[in-house]
Amino acid sequence: MTEEEFDAFYAGAFPRLVGQLYAFTGDHAEAQDVVQEAFVRAWDRRASFDAAEAPEAWIRTVATRLAVSRFRRARRWLELVRADTPPERAPGPGPEHVALVAALRELPAAQRLAVVLHHVCDLSVEQIAAETGSPAGTVKARLARGRAALARHLSPEEAETMTGTKEATTHAS
């Protein structure tokens, strides 16, 4: 089939095939998509198409198989989505967490960053120094000042939980 013959075939068969696939799928947009995809596949084979061999039947068969395949994939996806139980609601932050965040907000940004990187992210002083571009001594000073400031803002128990040491509680007293 030449390009001109294929174009004429497309112009005549496309609306008819879309109507047939619409009856099959119940979705006009889906019918247009699968018929268009079938025509794209036929375009690659147009040289071997013979008008006497019912190319419209071939297009219809390909489009029907594409529609069934898409339906199966959509159904499988729906099964997977429905099988996933929604995640249980995570409890909200406890009072200790709220107090810690409030206390951290009171610290200067450099101290807050050093404290969070060290105590929350478990980075060493050297790693914090490399990440922030500050000397290790500066990081140590920020950590010490940040811990002391946190101890003033938190109760002794909250400060001990945050720093993991009892020394912060002595500053809070």
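Here goes a summary of the coordinates provided. (Residues numbered from 1 in each chain as written. Predicted model: local features only at pLDDT ≥ 70, side-chain atom pairs only at ≥ 80, totals over all residues. Heavy atoms only, no water.)

1. Quick look at unusual backbone geometry
One can expect most non-glycine residues to show negative phi and most peptide bonds to be in trans. The phi dihedral of aspartate 122 is positive, around 60°, even though this residue is not glycine. Secondary-structure assignment places aspartate 122 in the loop between helix 5 (109-120) and helix 6 (125-132). Overall, the relative accessible area of 63% leaves aspartate 122 in the exposed class. (Helix = DSSP H or I, 4+ residues; strand = E, 2+ residues; numbered from the N terminus. Buried < 20%, exposed > 50% of the residue type's maximum accessible area, 1.4 Å probe, protein only.)

2. Comments concerning the packing of aromatic side chains
Applying the stated criterion across every chain, the model contains 7 aromatic pairs. Ring centres of phenylalanine 6 and phenylalanine 9 lie 6.1 Å apart, and the angle between their planes is 70°; this geometry places the pair in the edge-to-face category. Remark: phenylalanine 9 and phenylalanine 6 occur in helix 1 (residues 3-25); sequence separation between them is 3 residues, near one turn of the helix. The exposure class assigned to phenylalanine 6 is buried, which follows from its relative accessible area of 4%. Both rings, one in tyrosine 10 and one in phenylalanine 39, keep their centres 4.7 Å apart while their planes meet at 80°; by these two values the pair is edge-to-face. A residue pair is termed long-range when its members are at least 10 positions apart, and tyrosine 10 in helix 1 and phenylalanine 39 in helix 2 (residues 28-44) qualify at 29 residues. (Phe/Tyr/Trp six-rings, centres within 6.5 Å; stacked < 30°, edge-to-face > 60°.)

The values reported here are purely geometric and, on their own, carry no functional implication.
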